Structure formats: structure tokens, C-alpha cells
Amino acid sequence: MSSTTTTDLPGTPEMPDVPQHLVKPNAPVIGRVHATRLCTRSRKAAGFVRHVEIDVSGTELENSWHSGQSFGVIPSGDLDGKPHKLRLYSIAAPTGGETGDGTIITTTVKRLIDEHWESHKLVQGVCSNYLCDLNVGDEVLLTGPVGKRFLLPSDPSKHDYIFIATGTGIAPFRGMMLDLIRQGMPSRAALLMGAPYESDLLYHDDLTAWTREHTNFSYHTAISRHTTPDQPTKLYVQDLLREDFDTLGPMLASERTLIYICGLAGMELGVFQTLAKLLTPEHLAQYITVPEGYEEYPEKWERSMIPKTIKKTKRVFLEVY
Ligand code: A2P
């Protein structure tokens, strides 16, 4: 594993150069479902989200990935006589997989179920429902790994982390957190999670347990469609930067801190606007750069201004879909 060094901004991380595309779509490997379970906080959640573990032992995918990367899934069956196309899923497992020996790769997948806006017919996502329907022991065609940028730095202990997720955007952060924990949790980390209802929080019990086991880890939740005794107003995930500024402010000021954002396209605008409202120009410049004058009116920023006008620095990692 070679490394790239960048020294333009204090705290700019040295990133690993990780292999990708070891298994190509024209020659997928066969994995076997090892475990599958709902990972929402409650069975009565608005969405169905599953944690799916796949055994890739003996294939070229074994021991091949780093947390933060994705893998490809080719669903069985066809569409109008043509085989289904590959879909990419974020890896939720740490580097080395669930068991540490590189055999078990994991993803977090939400069933896509909707009603067509015009025909009002049921729309079911092909690959998400295929993956969620699989049983333990079923075979699945896989490719990958994919992704060179959304990774932990070469030496994770040199940095602290603010992980910001909506929904299944939590997948890579579960993997990265498990990497940090396996390395003895050498850094401070805060995970900010946005969900529509409390029942839809993902991996909630694990994350809560980690806060008890690791004093340098904090877990913050934002519920967008109802209030709770702990959360008297509805919140989006970026609002937590303000609500929990006591904990997050010192991290945001630190040269060690990297921000990772994963989830719904558009969430990055809210995160950047909130940072601009909260941080001094000096601290803001650690994460984003904006043309002169723009800092004063973050509420007027639009998503189309990212990345040409509002640019993230190398201390921000973004994966939205
Ligand atoms: P809402 O849908 O109430 O507007 P899920 O993937 O489980 O649907 O969760 C996504 C979460 O992200 C929801 O709480 C959703 O709120 C919220 N969300 C939607 N748009 C944005 C945005 N632009 N920035 C931050 N959070 C968002």
C-alpha cells in the first residue's frame, strides 16, 4: 500500500492508495450470505433496512477491501431479456471484515419501495429488494472493491473524526469506527446520525454501547419528523453541529479533525451552511473555502455552488447519492 502526501493545509491527511476493481463485472465472484438482520432500532420503523453479511472466503474479494469502499452486486434475473446491471453498495464492514480475517463483507441496505408518481403503481428497487430477500446460504454475484477517496487516512491515530450520516449513509462509518476500535480507539470520534423517526435509527444499540466503552467516542442523533423528550424540536443532522457545539466545537477548531459526510445528496449544503454560521473564518477555512463576501450569507448558498464556488478542503470527505 503506497501513500500520497499533501501538505497544503495544516492537518491535511496523508491518504492510502488502496487497490480497487480486483473483481470486474465481466467475471464476478460468488459470495454466500452469512447473516441477514434488520438493523433499524425498531421492527416498526418506517423503512426496512437490513445488515447483510456475505462470506467471500476463497474468492478474489477475500481480504481485498478497506472500510469506506463499496462493492458491486449483480442481482439475479433479467429486465426485458437483459441481465440486470451491477449496483454499488457501501461496505459496512471494517477493513478485514466482520471477523477480522477478511472473509465476511457487509452492507447496509434499505428496501426501495415507492408508488409511481403518475401511474400510482408499486415501484420496487430491483437490487435492494433482491439483497434484502436473500436468506443465509444463498449465493450472490459480487465485484469490487470500488473507491479510492472515502477512506480513513494512512495513520488514523493522527486525526480526529466527525462522521455525519443520514440513513444508510452510516454504513461506511460503522466500518471506519470498527477499524478505529480494533486499533484501540486512538482518536476522538463523533458520529452524527439523521433519521426520520427514532425507530429508524440504524445500529443504535451498538453505537450507544460504544459510547460507554470508549470515552473518546460520542454519538448524536437528529430526528426530523417528530420530537422526543431529549429533542424538543425536529432536527436535521447538520443542526447537531449547533445543538452539540459544546462537544463538537473544540473538535471543529482542532487541526486534527477530519469531517466525513455520507448520505442523501444535498445534505452537504446544509452541513457547509451550518459550519459557516458557527465557525470563525479561520476555523471554517479548515473545511471549506468560499469567495470573499459569501461567508456572511450562508443562507443564500445553493447546492449548485458546490464544488465550483464553495469548495471543500482535503479535510472533508463527501459521499452523497
Ligand atoms: P426528512 O425525510 O424528514 O425530510 P432515511 O434515509 O432513513 O429516509 O433518512 C434520511 C434523513 O435525512 C431523514 O431524517 C430526512 O429528513 C433527512 N434529510 C432529508 N433531506 C436532508 C438534507 N438536505 N439535509 C440533511 N438531512 C436531510
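Just above sits the structure.
Predicted model, so just to flag it, every value in this text is computed and none were measured.

(A) A look at the pairing of strand β9 (residues 104–110). Of all seven residues in β9, six are buried, a share of seventy percent or more. Bridge analysis of strand β4 (residues 49–55) against β9 gives seven bridges, and the strand direction is antiparallel. Paired with aspartate 55 across the bridge in β9 is isoleucine 104.

(B) Local environment of the environment of isoleucine 223. Secondary-structure assignment places isoleucine 223 in strand β15 (residues 217–223). Sequence separation between isoleucine 223 and leucine 235 is 12 residues, and the spatial gap between their C-alpha atoms is 5.5 Å. In this structure isoleucine 223 touches Ala195, Pro196, Tyr197, Glu198, Leu201, Gln231, Lys234 and Leu235, once residues within four positions along its chain are discounted.

(C) A look at the packing of aromatic side chains. Summed over the entire model, instances satisfying the criterion amount to eight aromatic pairs. When the ring of tyrosine 260 is compared with that of phenylalanine 317, the centres are 4.3 Å apart and the planes differ by 10 degrees; the resulting orientation is stacked. Note that tyrosine 260 is positioned in strand β16 (residues 257–263) and phenylalanine 317 in strand β19 (residues 316–320), a separation of 57 residues in sequence. A relative accessible area of 8% places phenylalanine 317 in the buried class.

(D) Geometry of the site of the ligand. Ala195, Pro196, Ser224, Arg225 and Tyr236 are the nearest of the 13 residues found near the ligand. Between the ligand and the protein, one listed contact pairs an oxygen atom with a side-chain N or O atom of lysine 110 at 3.3 Å. Across the complex, the protein chains shield 76% of the 570 Å² of accessible surface that the ligand would expose by itself. Most atoms of the ligand, that is more than half of them, are within 2 Å of grid points of the largest pocket.

(E) Highlighting helix α2 (residues 171–182). Taking 1.5 Å per residue as the helical rise, α2 with its 12 residues ought to reach 16 Å, and the 17 Å between its terminal C-alpha atoms agrees with that figure. Taking burial as the measure, the 12 residues of α2 include 10 buried ones, the bulk of the element. Those residues of α2 lying buried are Ala171, Pro172, Phe173, Arg174, Gly175, Met176, Met177, Leu178, Asp179 and Leu180. Glycine 184, located one to two residues past α2, shows a positive phi value of around 85 degrees.

(F) Spotlight on the layout of surface pockets. Approximately 1,300 Å³ is the volume attributed to the largest pocket. In terms of lining residues, the largest pocket is bounded by 45 residues, among which Lys110, Gly167, Thr168, Leu264 and Tyr321 are the most central. Within the residue set of the lining of the largest pocket, elements represented by two or more residues are β8 (87–90), β9, α1 (126–133), β14 (189–195), α6 (267–278) and β19. Looking at side-chain class alone, the lining of the largest pocket contains 23 nonpolar, 16 polar and six charged residues. The calculated volume of the second largest pocket comes to roughly 600 Å³. Counting only elements with at least two residues in the lining of the second largest pocket, the list comes to β2 (15–17) and β19. Its residues assigned to classes, the lining of the second largest pocket comprises 10 nonpolar, seven polar and six charged.

So, how was this worked out
Residues numbered from 1 in each chain as written. Predicted model: local features only at pLDDT ≥ 70, side-chain atom pairs only at ≥ 80, totals over all residues. Heavy atoms only, no water. Buried < 20%, exposed > 50% of the residue type's maximum accessible area, 1.4 Å probe, protein only. Helix = DSSP H or I, 4+ residues; strand = E, 2+ residues; numbered from the N terminus. Pairing = 2+ DSSP bridges. Contact = heavy atoms within 4.5 Å. Phe/Tyr/Trp six-rings, centres within 6.5 Å; stacked < 30°, edge-to-face > 60°. Near = heavy atom within 4 Å. Polar contact = N/O pair within 3.5 Å; in protein donor to acceptor, adjacent residues only side chain to side chain. Areas by Shrake-Rupley, 256 points an atom, 1.4 Å probe, with all protein chains shown as cover. 1 Å grid on protein atoms, 1.4 Å probe; cavity = no way out; pocket = protein on both sides within 12 Å on 5 of 7 lines; lining within 4 Å. Sits in = over half its atoms within 2 Å of the grid points. Expected span 1.5 Å × (residues − 1). Points joined across faces, edges and corners; volume = space filled by probe spheres on them. Nonpolar A, V, L, I, M, F, W, Y, C, P; charged D, E, K, R; others polar.

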